[in-house]
Every structure is written in structure tokens, then in C-alpha cells.
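Descriptive structure summary
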Amino acid sequence: MKSYPIAKSRRVRCTPYTSRIENQGVTAYTVYNHMLLPAAFGSLEESCDHLKKNVQVWDVSAERQVEISGNDAAKLVQLMTCRDLSNSKIGRCYYCPIIDENGNLVNDPVILKLAEDRWWISIADSDVIFFAKGLASGNKFNVKIFEPNVDILAIQGPKSFDLMEKIFGKEIKELKFFGFDYYDFEGVKHLIARSGWSKQGGFEIYVENTKSGLDLYDQLFALGKEFNVKAGCPNLIERIESGLLSYGNDFDNNDNPFECGFEKYVNLESDIDFLGKEKLKKIQKNGIKRKLMGVQIDISKINLTKSLNIKDEKGNLIGDLRSACYSPHFKKSIGIAMINEPYCKASATGLLEIDGNLIAVKVCDLPFI
């Protein structure tokens, strides 16, 4: 398939690190929150193997923040998510599906509680800021909503802990998963969270001081040579193997949290008020008719750019394949698909048409690893 370059513009923004990653060999971009997000540094298979064994520095500036502050900040944040945040603590990150009035998903961000009246919503790829502003205006909330100047660097992989210790000291290893704190780098404080969009472990540095962030970027590579550090990015193979879902790919605003396996983040018994609560109660009572599942695909190479229908031998629709890749670990192609009842159970089988050929598909549970 022929590739075409992305035209950079004010509408599709570069990041502070774009020139550096281009010198380091980025081979593909995608657009995420109207910003460039590196999508590949050469072979996905080689990058995946390196990520699982070493450490990578990711430019994930496209993971934008929506800051909500003011007297009604907590009330607005709670209105947006089905997760009960009434007992949330300052210094913690919370995975929080954002829901609309129909109970469908708007986004699945990580929310950081900076203070009782100040929150960051670290968003996936959709315009949450306008959703938040609409709710604030309609409810006459006393809040300030804007996109702060924050460009995230993710340090991921099993050797990320040793690399971060060299720069920030031993205390960085004491940070608990989904916790965050401020750490000094050459006189500048950086918010660092124990988080990241991989299952290999690591940290996310929320860079507010751009000059310091560039110096830190260079220092990560200077001190990371002994750990075989490389520039990287969220890896399609690793995230599918790990069952990490992608908003806009695996699910979108046509899907609800029960269909996507987010049950533990839906707190319907709580007294909290959030958008779509009554709709979700009905969905829970009636049960879902489809579910995101893993699939094993009997093909050695796959390049998915759109959803593909999965059917049974009689031509009945089983579901649709939404993400897929070849996994060197499993030595076969795997994917994430929305599977209809009564097929959404491990061991169900179907057929996928690719390039005029019928390919066998087997449904399985997530995650693969």
C-alpha cells in the first residue's frame, strides 16, 4: 500500500520534540488530537521486541490535557464520568470513561487530581474540551476550562526504572502505579506519573517548561546508552497483545462501557450524579448484545485501515474486526473485534474476507498476554 506524507500546519501541530524524533528516524506519523503522534520507527516487530527488553522514550505530546479548575471543578469532572471520584485523592491518576447522555463513550482518559479544585483530563483522541465547555455552560458551573501547555514524554520498558533513577534519584522508584509527584531536573520541577500506554512499565513526564523538557529529552538519551535506550512510540503489536484499547479504533461514541469491558469503572450504585446514568442502568438491567473480544486470525500478515466484517459459514454477521496486527510472540495475526451475541465467547469461530480470500477467525478473551 502506497504511503503519503502528512502536511504539517497550524491545524496539525508539531511538538517541541518533532525535530529530534525526525533526526532519530521516525518513519510514520498519525494525527492525534490535531497533533503529530509518531506511529513507527522502522519495523513494528523490532520496536516491540526492543520495548519489551529495554527502554524507549516516546513523544506523546498529542496526549493533550484539559484543565478544569474553579469552585465547581469537581462537580463538572464527576458529571462527565461514570466512575465515582468522591473519594479521589490529590496526587493520584484515575482511569475514567467519559459518558454522554445516551450512556455511550466520549473518551477514556486518565484524570489527574492536582487539587480539590484543579484537575487535568489526559485525553485520548476526541475533542473533550468542547464537551466539557458545553456541560459547564449548560449547568452554569463556576469553572475555568482550557488546554494548558503540557507536552508528555513517556519513558517505557523494563529498564525505564533504572534510567529514571539516574536522573531523578532513588525516590522515583518508590512512586506507586497511577500515582504522581513533582521531581526536580536541573532546578525545574516536573510532574511525573507512574503510568504509560504499554504494559512494560514506566513513567509519563508532564512537561510544562518546554526548554527544560528539551534538555531532559537529551539527557534521557545521553544517560540511557547503557540501557540501550531508543526513540519509540505506542506500539500496535504490544498494545493489542496487552489488550490496551484505543478510542477511535477499538471503540467510539457508538459503544457503551459495558460492551468495552469497563464494568469496574461504572459506579451505578453510588449517589454520584453523572451524564447517562439512567441509560446505563437500563443497559445493565437488559444486558449487552455485543462485546469487545480478542480474535486469532489464520493469516501471517495483516494491515487493517478500516473495520472488516466477521461472518459465520452461512454468511451471518458475527461482528467486526477493529484492530489487528501480526504478533511474533504468537506467530499469528491477532486483533480486537466487537463480537455479537451469541458469538462473544471464547472458542467461537468465523470467517474474514481479505483480498478475496476467506480467512479463519477464532474468538478469545482479552488480554492476549
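Now for a quick tour of the structure. All values reported here derive from a predicted model rather than from experimental measurement.

Helices and strands together make up the secondary structure of the protein chain, namely 8 helices and 21 strands. In terms of C-alpha radius of gyration, the protein chain reaches 21 Å, essentially the compact-globule figure of 21 Å for 369 residues. With the principal axes as the frame, the protein chain shows a C-alpha extent of 65 × 50 × 40 Å. Pairs at least 24 apart in sequence give 65% of the contacts found in the protein chain among residues at least 6 apart. Counting every atom, the protein chain has about 17,500 Å² of accessible surface; 47% of that belongs to carbon and sulfur.

As a further point, take the side chain of threonine 18. Within the secondary structure, threonine 18 is located in helix α1 (residues 18-23). Judged by relative accessible area, which is 5%, threonine 18 ranks as buried. For threonine 18, the side chain forms a polar contact with the main-chain nitrogen of threonine 15, separated by 2.8 Å. Not counting residues within four places of it along the chain, the set of residues in contact with threonine 18 comprises Lys8, Tyr29 and Asp59.

Quick look at the pattern of salt bridges now. When the charged atoms of two side chains lie near each other, side chains of opposite charge can form a pair. Following the criterion strictly, the structure yields 19 salt bridges and no others. Between glutamate 22 and lysine 8 there is a salt bridge; the shortest N-O distance is 2.6 Å. Here lysine 8 lies in the segment before α1 and glutamate 22 lies in helix α1, a separation of 14 residues in the sequence. In this structure glutamate 22 comes out as partly exposed when scored by relative accessible area, which is 35%. The shortest N-O distance in the salt bridge between aspartate 320 and arginine 322 comes to 2.9 Å.

A separate point is helix α6 (residues 210-223). In a regular helix each residue adds 1.5 Å, so 14 residues correspond to 20 Å; α6 covers 20 Å between its end C-alpha atoms and thus fits that length. If you check which residues of α6 are buried, you get Ser212, Gly213, Leu214, Leu216, Tyr217, Leu220 and Phe221. One side-chain oxygen at the N-terminal end of α6 lies 3.3 Å from the backbone nitrogen of lysine 211; it belongs to asparagine 209.

Moving on to the packing of aromatic side chains. If you walk through the whole model with that rule in mind, you get 12 aromatic pairs. Here the aromatic rings of tyrosine 95 and tyrosine 265 are separated by 5.1 Å at their centres, their planes lie at 65°, and the arrangement is edge-to-face. Of this pair, tyrosine 95 sits in strand β5 (residues 93-95) while tyrosine 265 sits in the loop between α7 (236-241) and α8 (277-286), and the two are 170 residues apart along the sequence. One exposure class covers both tyrosine 95 and tyrosine 265, and it is buried. On the numbers, 5.6 Å between centres and 80° between planes, the contact of phenylalanine 251 with phenylalanine 262 is edge-to-face.

A word on the sheet that holds strand β20 (residues 349-354). Ordered by their spatial adjacency, 6 strands build a closed barrel running β16-β19-β18-β17-β20-β21, and the pairing between neighbours is antiparallel. Strand-to-strand, the axes of this sheet are offset by a mean angle of 40°, without reference to chain direction. Pairing analysis gives 8 bridges linking strand β18 (residues 317-327) to strand β19 (residues 332-340), with the strands arranged antiparallel. When the bridges of β19 are listed, serine 323 appears paired with isoleucine 336.

The subject of this paragraph is the nonpolar core. Residues Leu112, Tyr206, Phe251, Phe262 and Leu280 are the most contacted members of the largest nonpolar core, which totals 46 residues. When residues of this core are traced back to their parent elements, those giving at least two are β2 (35-40), α2 (44-53), β5, β8 (110-115), β11 (151-156), β13 (188-193), α7 and β19. What leucine 280 contacts, discounting residues up to four positions off in sequence, is Cys82, Ile99, Gly103, Asn256, Pro257, Phe258, Val266, Leu268 and Phe274.

What follows concerns unusual backbone geometry. Residue proline 342 is bonded to the preceding glutamate 341 through a cis peptide linkage, with omega at 5°. The phi dihedral of asparagine 33 falls on the positive side, at around 50°, and the residue is not glycine. For asparagine 33, the location among the structural elements is in the loop between β1 (28-32) and β2. For asparagine 228, which is not glycine, the phi dihedral falls at a positive 60°. Residue position: asparagine 228 is located in the loop between α6 and β15 (230-232). Assessed through its relative accessible area of 36%, asparagine 228 is described here as partly exposed.

Cut-offs used in this document
Residues numbered from 1 in each chain as written. Predicted model: local features only at pLDDT ≥ 70, side-chain atom pairs only at ≥ 80, totals over all residues. Heavy atoms only, no water. Helix = DSSP H or I, 4+ residues; strand = E, 2+ residues; numbered from the N terminus. Rg over C-alpha atoms; globule rule 2.2 N^0.38 Å. Contact = heavy atoms within 4.5 Å. Areas by Shrake-Rupley, 256 points an atom, 1.4 Å probe, with all protein chains shown as cover. Buried < 20%, exposed > 50% of the residue type's maximum accessible area, 1.4 Å probe, protein only. Polar contact = N/O pair within 3.5 Å; in protein donor to acceptor, adjacent residues only side chain to side chain. Salt bridge = Lys/Arg side-chain N within 4 Å of Asp/Glu carboxyl O. Expected span 1.5 Å × (residues − 1). Phe/Tyr/Trp six-rings, centres within 6.5 Å; stacked < 30°, edge-to-face > 60°. Pairing = 2+ DSSP bridges. Axes fitted to C-alpha atoms, helices over the stretch in contact; angles between N-to-C directions. Core = buried A, V, L, I, M, F, W, Y, C linked by side-chain atoms within 4.5 Å.

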